[in-house]
Amino acid sequence: MNSNSNRIHYVVVYSLFAILLLPLLSTALYSLASQWGATILPDSLTFDWYIQLWSDPRFLQAFGHSVLICLAALALGTILTVPTIFVVFYYFPKLHWVMNILILLPFAVPPVVSSVGLLQLYAGEPLQLIGTPWILIFTYFTIALPFMYRAIANSMQALNLKDLMDAAHLLGASTFRAFLLVIIPNIRKGLMVSLFLSFSFLFGEFVFANILVGTRYETLQVYLFNMRQTSGHFTSAIVISYFVFVLIFTWIANRLNK
Amino acid sequence: MSYVEVNNLAKAFGDSKVFADINFSISQGEFVTLLGPSGCGKSTLLRCLAGLETVDHGNITVGGDDITDLAPQRRGIAMVFQSYALFPNMNVIDNIAFGLRMQKLSEDEVQRRVKEGVELVELNGRESHYPHQLSGGQRQRVALARSLVMKPRILLLDEPLSALDARIRRSLREQIRLIQQDLQLTTIFVTHDQEEALTMSDRIFLMNEGQIVQSGTAEEIYTEPADSFVAGFIGNYNLLDQQQAKALIDVETNHQLAIRPESILIRTMSPSDGGNYSAPIQATVKSSMLLGNVIRYRMEAEHGELVVDLLNRSSERLVSRGTALELQVNLDEIREVA
């Protein structure tokens, strides 16, 4: 009975896994096929599409743009959120509810709506950011904020912040040194996990990138969109390359979480 | 000249007063306990001494220096917390070395003093363990070593044993006391546990509702409680009001009488010691509790309830519920309390 019901669970889980994996596998196969027309299986396998993709300077540039923007947004996020969370937890615990509302805002406004607002605000003087990578860096910071805030706040909550700071103070450390030597190392794991996960989903962001910047500073997703008219084998190669890259990042995040 | 002087110290959080008019002095090398129920202000008082809380009024001097407004880093005061407050990202050595490194001592000096600290609290062999790999007792010993290597002028202990189980608590209690006496370290210990206070301290300050209600040696506080609060908090005293005192043991009083449970004897069971005893009181056993070496009986007499402690010499003495007995109170050991 028990092993029977276990088997049913396994069947359900693996079927679901297979259904989710199927499009990916077929895309992967398609990206490796030289020709795949009227037959069940492709005529022959080739790495040509990947070679073509990874030697396309426009792709490499878009890839570089994406990496750069994501890293900059996350660096900005780290510099702004970590000290903020510390200050809220240590000095102003009463502000928790304000922070909780603040970090929900990026969820409350859909990207299409907020991108229209951003277009209005930053299209002209004095702050003309539309079409530059800067607008994406600042926007991505706001999308990543909820994830970073939650992960860091959870790590901070797990610490006995008040006693640790008191102990460090009594042992002669200034607040800044205590923060650097005691608090930062203890939230590092949560911070790293949130950074890797945020990187993964920022890397796949399309709406903001397309509306706010488009081809003026082409990112990976915009490049993929613009390549939609070319060979399906070629775009499959883009998707799989992107997927493997993100998979590696997510995997690292999971490893760190253990 | 006393080493630590606290004058007129007062502290309030907003409108709620934590303590006021706190005055005491402590000699060098003395082990003093702030004892009181939770919420009496003892922990806040300790945090004020450490500089972790500001005071509203009054001043604190140590060795003649006024430290009232100094930052905690500059007071030369070390503190051990109930939560241990070890740094989770550092092993035993780095935890103990933290304060020494903050003082920018040479690494040789740091290592030498860390080694001394580790030996003092008997943690040899655990140097590279992280806090989560240690038991509660070991963690608190690391915290103790971390404080001791700083060679503080005063050591503050904020309920350091409260999170530990009974056996570890007793052994660590003795270890702390031995180290404190060896180093002649001026120590202020905060606890709500009267047994800890009575066994460890040179002197006890008993606090209630933001006031020091009585101070003295363990014996003074135990045998001469100043008021009904002290009598109730220390040693399970029986408290009798005027009518009860008159009716039960025929003693006239204007206040209340405090009678220790061990100064009442059960006629048929306790050996007579020729003391000055009251006339027999008729009572029945309401409940009995075995406290190890002592059996505690709760007795119902006509005019009130009495708690009687009997030394647990053999099991024959265990009297069942409802048994009628005769009690006698040692009249030399009753105390009048306000």
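It should be emphasised that the depicted structure is a prediction, and the values quoted were computed from it without experimental measurement.

Caption draft 1: How the structure looks around the overall build of chain A. Counting its secondary structure elements, chain A contains 11 helices and zero strands. The C-alpha radius of gyration of chain A comes to 23 Å, more than 25% above the 18 Å expected for a compact globule of 258 residues. Considered along the principal axes of its C-alpha atoms, chain A spans approximately 75 × 70 × 30 Å. The buried share among the 258 residues of chain A stands at 31%.

Caption draft 2: Focus on the overall build of chain B. When helices and strands are tallied, chain B shows nine helices and 18 strands. Looking at chain B residue by residue over its 338 residues, the buried ones come to 40%. Counting contacts in chain B only where the partners sit at least 6 residues apart, residues at least 24 apart contribute 64% of the total.

Caption draft 3: Layout of the interface of chain A and chain B. Contact residues are listed per partner, giving 13 residues for chain A and 18 residues for chain B. The set of elements that each furnish at least two residues to the side of chain A that touches chain B consists of α7 (161-170) and α8 (175-203) of chain A. Per-element tally for the side of chain A that touches chain B: the top contributor is α7(A), with six residues. Of the residues belonging to the side of chain A that touches chain B, the class tally is seven nonpolar, four polar and two charged.

Caption draft 4: Broad picture of the pairing of strand β8 (residues 186-191) of chain B. Residue and element names in this part refer to chain B. Most of β8 is tucked away: six of the six residues are buried. Residues Thr186, Ile188 and Val190 line one face of β8 and the alternating positions Thr187, Phe189 and Thr191 line the opposite face, and both faces are buried. Relative to β8, strand β3 (residues 31-35) is paired through five bridges, and the arrangement is parallel. The partner of Leu34 across the bridge, within β8, is Val190. Both strand β7 (residues 154-158) and β8 contribute to a ladder of five bridges, which runs parallel. Looking at the pairing, Ile154 lines up with Thr186 of β8. In this fold, β7 hands off to helix α5 (residues 166-183), which returns the chain to β8; that crossover is right-handed.

Caption draft 5: Fine view of the sheet that holds strand β13 (residues 264-266) of chain B. All names here are of chain B. In spatial order, the strands read β13-β17-β14-β15-β16; together these five strands make up an open sheet with antiparallel pairing. With one partner strand each, in any of the chains shown, β13 and β16 (304-311) form the two edges of the open sheet. Averaged over all adjacent pairs, the angle separating strand axes in this sheet is 45°, with direction ignored. In terms of strand pairing, strand β14 (residues 281-290) meets strand β15 (residues 294-301) through seven bridges, oriented antiparallel. From the neighbouring strand, Ser288 faces β15, where its bridge partner is Tyr297.

Caption draft 6: How the structure looks around the packing of helix α2 (residues 92-102) of chain B against helix α4 (residues 136-148) of chain B. Residue and element names in this part refer to chain B. α4 packs onto α2 with a crossing angle of 30° between their chain directions and a minimal axis gap of 7 Å. Comparing the axis directions of α2 and α4 gives the class roughly parallel. Here α2 runs over α4; the crossing is right-handed. When α2 is examined against α4, the residues Val92, Asn95, Ile96, Phe98 and Gly99 are found in contact with a partner set consisting of Val142, Ala145 and Arg146. In terms of residue class, the contact of α2 with α4 is made up of five nonpolar, two polar and one charged.

Caption draft 7: Region of the structure containing the domain arrangement of chain B. Residues and elements named next belong to chain B. On domain assignment, one finds that chain B holds domain 1 (4-232) and domain 2 (238-337). Distance between the C-alpha centres of domain 1 and domain 2: 38 Å. Listed by partner, the interface residues are seven residues for domain 1 and five residues for domain 2.

Caption draft 8: Up close: the domain arrangement of chain A. All names here are of chain A. Domain annotation of chain A identifies domain 1 (1-46) and domain 2 (56-257). Counting residues at the interface gives six residues for domain 1 and seven residues for domain 2. In terms of residue class, the side of domain 1 that touches domain 2 is built from four nonpolar, two polar and no charged.

Caption draft 9: Region of interest: the sheet that holds strand β1 (residues 4-13) of chain B. Residues and elements named next belong to chain B. The strand order across the open sheet formed by four strands is β2-β1-β4-β5, and the pairing between neighbours is antiparallel. Each edge of the sheet is formed by a strand with only one pairing partner; in this case those strands are β2 (16-26) and β5 (65-66). As judged from the five bridges shared by β1 and strand β4 (residues 57-62), these two strands associate in the antiparallel manner. Its bridge partner being in β4, Val4 is matched across the sheet by Val62. Relative to β2, helix α1 (residues 42-50) is tilted by about 65°, and along the sheet it contacts β1, β2 and β4.

Criteria and cut-off values
Residue numbering note: each chain is counted from 1, following its sequence as written. Working convention: letters from A go to chains and numbers from 1 go to ligands, in the order in which they are written. Only residues with pLDDT of 70 or above have their local features reported here, since the model is predicted, and side-chain atom pairs are shown and tallied only from 80 upward, although totals for entire chains, interfaces and linings are computed over all residues. Strands here are runs of E lasting at least two residues and helices are runs of H or I lasting at least four, both read from the DSSP assignment and numbered beginning at the N terminus. Atoms counted for the radius of gyration: C-alpha only. Globule rule: 2.2 Å times residue count to the power 0.38. Exposure is read from a count of other C-beta atoms within 10 Å of each residue's own; the residue is exposed at 12 or fewer, buried at 20 or more and partly exposed in between. C-beta atoms are placed from the backbone. The contact criterion used is a C-beta to C-beta distance within 7 Å, with each C-beta placed from the backbone. Throughout this entry, Asp, Glu, Lys and Arg are counted as charged residues, while Ala, Val, Leu, Ile, Met, Phe, Trp, Tyr, Cys and Pro are counted as nonpolar. The remaining residues, Gly among them, count as polar. When DSSP finds at least two bridges between two strands, those strands are taken to pair. With its strands directed away from the observer, a crossover is right-handed exactly when the path from the first strand over the helix to the second travels clockwise. Between N-to-C directions, angles span 0 to 180 degrees; the directions come from axes that are lines fitted to C-alpha atoms, helices contributing only their stretch in contact. For classification purposes, angles smaller than 35 degrees are called roughly parallel, those larger than 145 roughly antiparallel, those between 65 and 115 roughly perpendicular, and all remaining angles oblique. Handedness of a crossing is defined here by the sense of rotation of the near helix relative to the far one, left-handed for an anticlockwise turn of less than a right angle and right-handed for a clockwise turn. What counts as a domain boundary in this text is fixed by an automatic or database domain assignment.

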